[in-house]
Each structure stands twice: as C-alpha cells, then as structure tokens.
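# Working through the structure, step by step
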Amino acid sequence: MDHMGIHYNIWIMLLSFGLSILASYSALNLISQVPSSTASPRTRRLWLLLGACVLEIGIWAMHYAGILASGLQFDGRSNTGMAILSMVIGTAFCYFGLSISLGKRMTFLRWTGSGILLGAGISAMYYAGRSWIKLDAQTDYNLPGQSISVMIAIIASSMSIMLIGRFKDSPGFNRWKLYSALLLGTAITSVHYMSTGAGGVAHGSWLGPGPSLVQSDVILLTGVSLVTLFMFGITGGAVFLDRHLLERMAYHDPLTGLPNRHGLERYFKDRFLRGRPGAVFFIDLDRFKSINDTLGHDIGDMLLQEVASRLLQSVSSRGKVFRLGGDEFLIAEPGFSPDEAAEEAKRILQEIKKSFRIQDNDLYVTASVGISMAPAHGTDRSSLMKAADTALYSSKDSGKNKFSIFDSEMNRHQLRRMSLEKDLRKALAQSEFMVVYQPKWDSLMNVTVGLEALLRWRHPEHGIISPAEFIPIAEETGLIVPITYWMLHEVCSQNLLWHKEGVASVAVSINMSARMFETEDLYEVVVDALSRSGLDPQYLELEITESIAMNNMEETVAQLSKLRRLGVRVSLDDFGTGFSSLGNLDEIPVNTLKIDQVFIKKSKMHSKKAIISNIIAIASNLDMEVVAEGVETPEQIELLQSLGCRVMQGYYYGRPMPVHELGQWFTENSAAV
Ligand code: C2E
Ligand code: MG
Ligand code: MG
C-alpha cells in the first residue's frame with residue numbers, strides 16, 4: 001500500500017509539474033499572439049486577459065492535483081465563494097504581472113515588479129486555496145520555509161519574464177518561450193511543494209510515502225486533468241484559428257489562393273531582398289474588363305484563376321506570385337538580373353497568350369508587364385512597385401502585350417501624365433478644347449455622308465494634344481462627362497449652322513465614353529443639346545464601343561432605344577476588336593457598324609480580308625450600314641468596294657479638320673447638300 005502511495009505521489013507530482021509548464025506555455029503563447037506593432041490596444045488586452053486566465057486555471061489545477069497527491073482530505077463544505085474570489089485575485093495579479101512584462105522598454109524595476117506580481121499571484125492562489133478547501137490536516141506554519149518558497153516563486157517568475165522580450169512578437173513556436181514556461185512552471189510547482197514540505201502537513205508531505213489515493217480522488221484528479229487539458233486545447237485551437245485561418249483570410253486572395261496586398265507587404269517586410277538584387281514584375285491583363293463585361297463575372301473569375309495558375313508555372317522556384325486585386329498581379333523574384341527578368345517576362349507573355357478554355361469558350365487574352373530592378377530602381381517595396389507600375393504604363397501605352405523594364409524616361413512620361421491631369425481640370429473652363437471633323441465618304445456616289453467629331457486639346461504650353469493621350473485621363477478622372485456635354489452642345493450648334501448656311505446637311509457623330517452610360521441623364525443631356533440648338537435628331541449620331549454595349553446590356557439597350565426613338569442615330573465604333581458575342585449584336589439598337597482600322601491596315605492579309613468580308617455580311621443581314629475606318633490607299637478602297645463596303649473614313653478622303661478648313665473642303669469636294 002505504501003509502495004502504491006509513493007507511486008501515485010510521484011505520478012501526480014510529475015503530472016502537476018507538467019500541467020504548470022503546459023499552462024505557462026499556453027499563457028505565454030497567448031500573450032505573444034499579437035505583435036505590439038500591429039495589434040490594437042483592445043486586442044492586446046483581450047489576449048492578455050485570456051493568457052492570465054489560462055495561467056490561473058493551470059495554477060489552480062496544479063495545486064488541486066498537488067493537494068490530492070499529499071493525501072489530504074477536503075472538507076466537504078468547501079467555500080465556493082472564496083474559491084472564485086481567490087481565482088479572480090490570482091488572475092488579476094497574473095494579468096498585471098504579464099502586462100508589465102510586455103512593455104516596450106524593460107528596466108530592472110519592471111522585471112522585478114512583474115516578477116513580484118506573478119510570484120504573489122501564484123502564492124496567493126495557493127494559500128487562499130489551502131484555506132478555502134479547509135484541509136482537515138494539521139498544518140504547521142513554518143514561516144522561513146514558506147518565505148523561501150515565495151522568494152523562489154518571485155525569482156523564477158522574474159527570470160521567466162526576463163525572457164519574454166525574446167519572443168513577445170513571435171506567435172509561433174519559440175524555444176525561449178519554452179524556457180520561460182519552464183521557469184514559470186517551476187515557480188508554480190515550487191510554491192506548492194516547497195510550502196507543503198516546509199509547512200509540514202501532518203499527514204505526510206510529498207517526500208514521504210503519503211496515504212494512497214482513494215478511488216474517488218483518482219477519478220476527480222483525472223477529471224481535473226482532463227478539464228484542464230481541454231481548456232488548453234480550446235485556447236490552442238483559438239490560437240490556431242487566429243494564426244492560420246484568420247491569417248489566411250487576411251493575407252490571401254480567396255479567388256486565386258495567392259497572397260494579396262497584405263501578404264505582399266508582409267513578404268517585403270520579412271523576406272524579400274534584404275539588400276540583395278531582385279526583380280519586381282507588375283502584370284495586368286489587357287482588356288480584361290471587356291471579358292468581364294461581355295461574358296460575365298463568373299467566366300472572368302475563372303479566367304483569373306487560370307491566369308494565376310499559369311503565372312505560378314512561369315516563375316522560378318524562388319519567385320512568389322501575388323494578386324493585387326482585379327486583373328493585377330505582382331511577381332517578386334529575388335536574385336534576378338535584368339536579363340533573367342526579361343526572359344521570365346517573355347515566358348509569362350507567352351503563357352498568357354495561349355488560349356484559355358473556360359466553360360466552352362475559347363478565350364484569348366494578352367498581358368502587359370512592367371518590371372523594376374533592385375537595387376537600381378529602389379530597395380523598398382514602395383519605390384520598386386512605383387517603378388514597376390510606371391513601366392507597366394509604358395507597356396500599355398506602347399500597344400499592350402509587351403513587357404518593359406523601368407527607365408528614368410518613363411518617369412518623365414508619368415510626370416507629364418500627372419501634369420496633364422492637373423491641367424485637364426482647368427481646360428474646359430479656359431476654353432482649350434476644340435472640335436475637328438473627319439468626313440465619312442460614300443465612295444460610289446462620291447459624296448460626304450457624314451462627319452465624325454473628334455476632340456482636340458490646345459494646351460497653352462504643349463500645343464495640340466491628341467485624344468489618345470488625354471481621353472484616358474479624362475475617363476479615369478470622370479472629366480469626360482462634362483467634356484462630352486460641352487461637345488454635344490458645340491457639335492449640335494455647329495451642325496445646325498452648316499445646315500443654315502447650306503454647307504452640308506449630314507449627321508455628325510460624337511464618340512461616347514462608357515462613363516456617359518453610367519450617368520442616368522444621358523437622354524436628358526442629348527435632348528437638351530438638340531433643343532437648345534434646334535437640330536433635328538437625325539443629324540446627331542452617337543458612336544459607342546462594343547464594351548459599352550455589352551456592359552450592363554439591359555440598361556444600355558434601354559438608354560439607346562430611347563435615343564433611337566427620338567431619331568438619334570447610333571453606330572458601333574472599332575467593331576471587331578471587342579469581345580462581343582455576336583449572338584447579342586441583333587439586340588443592340590445600332591444603325592451602323594464601323595470596321596476598326598486595324599483590319600483595313602492589314603487588309604492584304606487573307607485572314608483580315610475574311611474578317612472584313614464577314615463584318616460586311618453580318619451588317620447587311622442585320623440591316624445595318626457599314627463604315628470602314630482608316631482608309632488610306634486606293635488598294636484598300638478597291639478591296640472594300642469589291643467586298644461590298646462603300647462608305648469610308650480615312651486620311652485618303654480627308655483628315656480631321658477644324659471648322660474653318662472644312663468649309664473650304666466641302667466646296668472642293670461637292671458635298672451632299
Ligand atoms: P475613333 O473614334 O476610332 O476615331 C478615329 C481615329 O482614327 C481618329 O483619331 C482619327 O483621326 C483616326 N484616323 C482617321 N482616319 C485615319 C487614317 O486613315 N489613318 C490613321 N492612322 N488614323 C486615322 P483621333 O482623333 O486621334 O482619335 C482617337 C480616338 O480618341 C478616337 O478613336 C476616339 O476613340 C477617341 N476620341 C476622340 N475624340 C473623342 C471624344 O470627343 N470623346 C471620346 N469619348 N473619345 C474621343
Ligand atoms: Mg469614333
Ligand atoms: Mg474607331
């Protein structure tokens with residue numbers, strides 16, 4: 001029986017020591033979950049409180065187990081109120097002790113302060129606990145022995161706290177955390193066993209062969225241990241959830257599974273470069289918006305997932321891919337030279353260019369890539385991203401489906417863009433815009449059948465600026481809306497003047513930006529421009545692009561139908577370059593298809609010729625007119641005529657001209673009056 005007693009005692013001693021260490025580790029792990037630099041004070045306090053509670057539960061369980069081990073019997077009328085009070089006080093001591101230990105600058109005073117608080121918390125719990133469970137044993141209060149046990153608790157706690165600085169910002173496993181937990185566990189265990197030993201509990205101490213445990217004690221003890229372990233399991237689970245699942249949500253993009261902007265920030269902070277060379281790639285799909293608009297967001301999403309997986313295949317083993325949002329991706333390649341970067345960019349463009357098979361659609365997309373090199377273009381995330389972004393702009397500007405490595409010339413370009421944006425805001429008020437008109441010519445009848453109004457900006461310093469340069473800025477900033485309103489009034493008044501003067505009576509078309517269809521009052525604005533000028537609606541034509549038509553098709557079709565009922569004409573500009581599923585073409589209320597100039601430019605190629613011929617056939621079947629854009633040579637005219645297209649617009653017949661030149665042009669070219 002004695003032998004059994006010793007056996008149980010050692011087992012329980014080890015168990016209680018183990019519990020103390022486990023509780024200490026759990027508590028320290030909880031308080032190190034929230035790095036001081038990123039967490040809000042409220043979150044930190046919450047984790048701290050959780051840590052203090054876990055530590056307190058551990059201390060309680062340990063004492064309970066230890067007291068059972070010493071074979072003492074409890075008074076059945078234990079005082080629960082006292083028990084709770086002692087736990088609350090103990091938790092408060094632990095909370096404040098740990099809270100001091102997390103301070104930014106640790107001084108000797110702080111160490112000892114928090115050590116004393118923790119040590120006091122541990123001891124208070126023990127002594128309060130002993131009185132509350134009303135041990136039926138006779139206890140000798142041996143002051144020196146108990147003082148030593150409290151001293152040991154304070155010293156061990158202080159030492160444990162001295163180590164907190166080494167791991168307080170590392171939420172994962174850390175050996176210093178373990179050492180600190182060992183010390184704290186020792187502090188807890190020592191208070192118990194030292195004072196039990198020193199106090200000389202009458203029924204035998206932990207050293208001696210105490211009375212064996214009765215079966216109900218064993219059950220109780222196992223229960224306590226299991227509950228405690230369960231508690232730790234829960235807190236461990238919370239830590240896991242916080243660290244892994246929530247972190248995944250915060251740092252990853254749910255669609256592609258790639259790290260997102262926050263992930264990128266962290267990667268640059270923790271791992272990327274650190275003084276070594278490397279490359280940053282900014283990747284943006286060309287015309288992704290059109291795909292999204294024409295085929296829907298589901299297909300757009302699937303395409304992005306496919307693109308993500310192709311990018312992952314294209315990078316080197318050290319490379320890392322991020323999704324910044326929309327169709328923007330970033331790749332970081334540590335250790336890359338400019339040559340290696342160029343090789344990889346080619347590989348990426350090649351991969352993206354291959355067709356994507358998505359839900360029975362064969363999609364063809366291209367990407368533009370901008371590259372910056374470290375350390376030449378910067379060493380931190382912000383300057384490298386800025387340079388790569390500038391390089392990306394340059395790839396887009398020079399025709400897309402390209403990559404460019406940053407150079408300082410691009411910076412100049414970016415600066416010009418920014419300064420133009422600033423000036424554009426004042427341009428309307430300062431009357432810097434003017435309209436030029438380009439004829440649409442019927443090549444069989446040899447008459448002008450229409451005009452296209454094109455915007456020009458007379459910049460006070462830079463001279464005439466092409467719309468190709470400023471329209472994208474105007475669209476981005478939303479300035480295109482007031483500019484188009486102005487255009488509508490200007491063009492309608494001018495056209496009426498030509499009618500009145502007998503110069504020409506043809507429809508004049510105005511290019512519409514997608515932004516115009518986002519405003520609800522397009523119809524009212526058009527009506528206003530017509531009624532103020534007094535122009536008959538049939539002499540006004542709106543040019544829209546395929547992506548405008550397909551974007552929010554129902555709404556756009558409704559707006560266009562209303563305008564058509566008024567008598568306003570509508571044409572589909574740059575036809576053939578969008579992604580319209582031809583199946584919808586008959587639903588869009590348009591009078592005319594304008595064949596994009598890229599087909600005319602390359603009309604010698606058999607494939608382009610086939611496309612032109614098909615567009616003409618479609619138009620004829622849908623009872624629409626066709627206009628060929630960008631006609632420059634007699635060969636092109638001949639070909640177009642042979643394919644059945646008679647109306648043409650291009651430099652061959654007339655460049656865009658300001659009003660004063662156009663009068664002259666009309667006289668020389670016998671316009672249809
Ligand atoms: P777009 O509507 O397709 O206009 C035709 C463009 O092709 C015009 O360029 C015209 O000058 C040019 N072009 C005409 N014939 C030929 C030719 O034979 N050869 C060549 N190489 N080019 C030719 P522009 O005026 O520079 O306008 C460019 C684009 O800017 C327009 O393309 C249109 O999308 C946009 N834009 C122009 N004015 C406005 C406007 O008032 N509002 C909006 N939203 N966009 C406008
Ligand atoms: Mg146009
Ligand atoms: Mg066009």
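Residues numbered from 1 in each chain as written. Chains lettered and ligands numbered in written order. Predicted model: local features only at pLDDT ≥ 70, side-chain atom pairs only at ≥ 80, totals over all residues. Heavy atoms only, no water.

### Some words on the coordination of the magnesium ion (ligand 2)
In this structure, Glu452 (OE), Asn511 (OD1), Glu543 (OE) and Asp573 (OD) serve as the protein donors to the magnesium ion (ligand 2), at separations of 2.1 to 2.2 Å. Read N to C, the donor residues that coordinate the magnesium ion (ligand 2) are spaced as E-x58-N-x31-E-x29-D. (Donors = N, O, S within 2.8 Å, 3.2 Å for Na, K, Ca; no water.)

### Focus: helix 15 (residues 480–501)
Here helix 15 spans 31 Å end to end across 22 residues, near enough to the 32 Å set by a 1.5 Å rise per residue. Looking only at helix 15, the buried set comprises Ile480, Val481, Ile483, Thr484, Met487, Leu488, Val491, Cys492, Gln494, Asn495, Leu496 and Trp498. Note on helix 15: the residue one or two positions beyond its end, Gly502, has a positive phi of about 70 degrees. (Helix = DSSP H or I, 4+ residues; strand = E, 2+ residues; numbered from the N terminus. Expected span 1.5 Å × (residues − 1). Buried < 20%, exposed > 50% of the residue type's maximum accessible area, 1.4 Å probe, protein only.)

### Some words on the coordination of the magnesium ion (ligand 3)
Around the magnesium ion (ligand 3), the donor atoms from the protein are Asp573 (OD), Asp574 (OD), Glu629 (OE) and Glu629 (OE), and they sit 2.0 to 2.6 Å away. One chain supplies every donor for the magnesium ion (ligand 3), spaced along it as D-D-x54-E. Residue class for Asp574 comes out partly exposed when judged on its relative accessible area of 27%. The class for Glu629 is buried, based on a relative accessible area of 7%.

### Side note on the site of ligand 1
Contacts to ligand 1 come from 23 residues, most closely from Asn511, Asp573, Gln597, Glu632 and Tyr651. Within the contact set of ligand 1, an oxygen atom lies 2.9 Å away from a side-chain nitrogen or oxygen of Asp573. Between ligand 1 and Asp574 there is a distance of 3.1 Å, counted from an oxygen atom to a side-chain nitrogen or oxygen. Counting residues per element, the ones that place at least two in the shell around ligand 1 are strand 9 (447–459), helix 14 (467–477), helix 15, strand 13 (569–575) and helix 20 (597–601). When grouped by side-chain class, the residues that make up the shell around ligand 1 number 9 nonpolar, 6 polar and 8 charged. (Near = heavy atom within 4 Å. Polar contact = N/O pair within 3.5 Å; in protein donor to acceptor, adjacent residues only side chain to side chain. Nonpolar A, V, L, I, M, F, W, Y, C, P; charged D, E, K, R; others polar.)

Such coordinate-based values are descriptive only and should not be taken to indicate function.
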